[in-house]
Protein chains: 2
Amino acid sequence: MARLVMERSDVLPLLGEAFREHGYEGASLSVITKQTGLGRGSLYHFFPGGKAEMAAAVLENIEAWFEREIFAPLRSETDAQAAIDAMWEAVSAYFQSGQRVCLVGAFALSDTRDRFASAVNAYFERWIEALADALGRQGHDGERADAIAEQVVAGIQGAITLARARRDAGLFERVISGLRAMTEK
Amino acid sequence: MARLVMERSDVLPLLGEAFREHGYEGASLSVITKQTGLGRGSLYHFFPGGKAEMAAAVLENIEAWFEREIFAPLRSETDAQAAIDAMWEAVSAYFQSGQRVCLVGAFALSDTRDRFASAVNAYFERWIEALADALGRQGHDGERADAIAEQVVAGIQGAITLARARRDAGLFERVISGLRAMTEK
DNA sequence: CTTGCTCTGTACCAATCGTTCAAGTATATT
DNA sequence: AATATACTTGAACGATTGGTACAGAGCAAG
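Residues numbered from 1 in each chain as written. Chains lettered and ligands numbered in written order. Predicted model: local features only at pLDDT ≥ 70, side-chain atom pairs only at ≥ 80, totals over all residues.

## What about the overall build of chain A?
At step 1: A count of helical and extended segments in chain A gives 10 helices and zero strands.
At step 2: Compactness check: chain A gives a C-alpha radius of gyration of 18 Å against a globular reference of 16 Å for 185 residues, within 12% of the reference.
At step 3: If one aligns the C-alpha atoms of chain A with their principal axes, the spans along those axes are about 55 × 40 × 35 Å.
At step 4: Within chain A, the proportion of its 185 residues that are buried is 43%.
At step 5: Of the contacts formed within chain A by residues at least 6 apart in sequence, a portion of 61% connects residues at least 24 apart. (Helix = DSSP H or I, 4+ residues; strand = E, 2+ residues; numbered from the N terminus. Rg over C-alpha atoms; globule rule 2.2 N^0.38 Å. Buried ≥ 20, exposed ≤ 12 C-beta atoms within 10 Å, placed from the backbone. Contact = placed C-beta atoms within 7 Å.)

Structure below.
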């Protein structure tokens, strides 16, 4: 029978939203207890390392999701264009037309980056490399594939920034569709 | 004769760096006093509204700089391509190949955005409109000019995010030169 | 020197920060 | 049922937060 109590893995998405909405510094323990519904004691039971461990676990969780849903298909799917199309659908759904922040990108812009430097770097490194791989298999020569991949991943982050700044979901979709055109053969 | 004492306008760049490096929440008054060299008393003399007024003044200062150095030339320079070229040079210098964060973009990604919503929105709105204006005068039809402008301004923000995430100034320059190609006739 | 004003450092405030912990309740094992 | 382990609670800790109060430093004008 399913456990009624909370498991560590159940808390991660709630933690993620808390960090997304308030940032690492802004997500105080009171905010976190409120958004997760867990008391301080429970949180420190699951994450003895405190806030830093919570954020690290969230980053790991996010990275694992992207690896499974996006990066791995980009690298190994035989139909490269299909994997790229799937990426675009996942990106729009995941970031909710720019209403939802990319936690890794947000960390990268603050001094929180230093604390989680390797996770932040790895996330984008893998995304760019996986996309370049798919673009290569899809017919672009290697150098061009690398350039497009960097351009596209950067553009996604910028689209999120602008859409949030201007509260304009349409802006997000327009920028994304411009980028998407760069990934079609 | 030049005043030896500090003026409000002298503090703004120092304040800007403090907010850039630590974010709005992370820039505590102890951090701010350290980075500006001013005691609490002086800071509250210049900015009676406290931290919120400091950040607002910094945003206003940044906006004014961009308006004068970049937006206005984009709108009124008779040689549109020259104004666009000048924009690219200013962008590379100002953001120091992605080593320096865009404060407005960083605010946009945190919940600090809500506090300074109109300033954050106005900054990007004006940048996009001014760039679209220049692209139009340079020969692109209106709709295409708008699309390119959004794409380019988003791309700049993304380039900063990625360059910081990966600590890779080369990445910034590569993405920028890709974007720059989109603004050439 | 006196007066008046701008500027500055120190001490202090209540509030909140992240973290700890002893005591408790629930669940699993025997 | 008895015991052990997993989880939860909420109060309390010292440190730090943003903000205030205020006396004095520095300087200019009279």
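## Quick look at the relation of the copies chain B and chain A
At step 1: Once chain B is rotated about the relating axis by 180 degrees and shifted along it by 0.0 Å, it coincides with chain A to within an RMSD of 0.0 Å. Considering both components of the superposition, the chain copies are consistent with a two-fold axis. The C-alpha atom lying nearest the rotation axis in chain B is that of Gly158 of chain B; the distance is 1.9 Å.
At step 2: Residue by residue, 100% of the interface of chain B is reproduced at the interface of chain A, so both copies engage with the same surface. (Least-squares fit on C-alpha atoms with pLDDT ≥ 70 in both.)

## Quick look at the packing of helix α4 (residues 51–76) of chain A against helix α5 (residues 80–94) of chain A
All names here are of chain A.
At step 1: It is at 9 Å that the axes of α4 and α5 come closest, and there the two elements cross at 165 degrees. Relative to α5, the element α4 lies roughly antiparallel. Note on packing geometry: the crossing formed by α4 with α5 is left-handed. In this structure, α4 contributes Glu69, Ile70, Pro73 and Leu74 to the contact, and α5 contributes Ala83, Ala86, Met87 and Ala90. (Axes fitted to C-alpha atoms, helices over the stretch in contact; angles between N-to-C directions. Parallel < 35°, antiparallel > 145°, perpendicular 65-115°, else oblique. Left-handed = near helix turned anticlockwise from the far one by under 90°.)

## Concerning the packing of helix α1 (residues 8–26) of chain A against helix α1 (residues 8–26) of chain B
At step 1: Remark: α1 of chain A packs on α1 of chain B, axes separated minimally by 8 Å, with the N-to-C direction vectors making an angle of 110 degrees. Comparing their axes, α1 of chain B and α1 of chain A come out roughly perpendicular. Across the interface between the two elements, Gly23, Glu25 and Gly26 of chain A from α1 of chain A touch Gly23, Glu25 and Gly26 of chain B from α1 of chain B.
At step 2: Residues that form the contact of α1 of chain A with α1 of chain B fall into these classes: no nonpolar, four polar and two charged. (Nonpolar A, V, L, I, M, F, W, Y, C, P; charged D, E, K, R; others polar.)

## Concerning the interface of chain B and chain A
At step 1: Contacts between chain B and chain A engage 36 residues on the former and 36 residues on the latter.
At step 2: Elements represented by at least two residues in the side of chain B that touches chain A include exactly α1, α6 (103–109), α8 (117–137), α9 (142–166) and α10 (169–182) of chain B.
At step 3: Here the side of chain B that touches chain A gets 15 residues from one element, more than from any other, and that element is α9 of chain B.
At step 4: When its residues are assigned to classes, the side of chain B that touches chain A shows 15 nonpolar, 12 polar and nine charged.

## Considerations on unusual backbone geometry
Residues and elements named next belong to chain A.
At step 1: At Gln96, a position not held by glycine, the phi torsion is positive, near 45 degrees.
At step 2: Looking at the element boundaries, Gln96 is found in the loop between α5 and α6 (103–109).
At step 3: Residue Gln96 is classed as partly exposed on the basis of its C-beta count, with 13 C-beta atoms lying within 10 Å.
At step 4: One non-glycine residue, Arg167, lies in positive phi territory at about 50 degrees.
At step 5: Tracing the backbone through its elements, the reader meets Arg167 in the loop between α9 (142–166) and α10 (169–182).

## Quick notes on the protein's contact with DNA strand D
At step 1: Close contacts around DNA strand D come from 17 residues, with Gly39, Gly41 and His45 of chain A together with Ser28 and Gly50 of chain B the closest.
At step 2: Put simply, the parts of the chain that give the surface near DNA strand D at least two residues each are α3 (40–46) of chain A together with α2 (29–36), α3 (40–46) and α4 (51–76) of chain B.
At step 3: Considering every element that reaches the surface near DNA strand D, the biggest residue donor is α3 of chain A, with four residues.
At step 4: Split by residue class, the surface near DNA strand D holds six nonpolar, eight polar and three charged. (Near = placed C-beta within 6 Å.)

## Quick notes on the environment of Ala83 of chain A
All names here are of chain A.
At step 1: Note on placement: Ala83 falls in helix α5.
At step 2: Overall, Ala83 belongs to the buried group, with 23 C-beta atoms counted inside 10 Å.
At step 3: Measuring from C-alpha to C-alpha, the distance between Ala83 and Pro73 comes to 5.8 Å, with 10 residues separating the pair along the chain.
At step 4: Once residues lying within four places of it in the same chain are set aside, the contact partners of Ala83 are Pro73, Leu74, Glu77 and Ala134.

## Details of α9 of chain B
All names here are of chain B.
At step 1: Under the 1.5 Å per step criterion, the end-to-end length of α9 is 36 Å for 25 residues, consistent within 8% with the ideal 36 Å.
At step 2: The element α9 is extensively covered by neighbouring structure, given that 20 of its 25 residues are classed as buried.
At step 3: Of the residues flanking the end of α9, it is Arg167, one or two places downstream, whose phi is positive at about 50 degrees. (Expected span 1.5 Å × (residues − 1).)

## So, the UniProt feature "DNA-binding region" (unreviewed entry) in chain A
At step 1: Per the UniProt record, "DNA-binding region" (unreviewed entry) is found at residues 28–47 of chain A.
At step 2: Note that residues 28–47 of chain A is 75% helix and 0% strand, and that its end C-alpha atoms are spaced 15 Å apart. (UniProt positions renumbered as here; feature names shortened; annotations may be inferred.)

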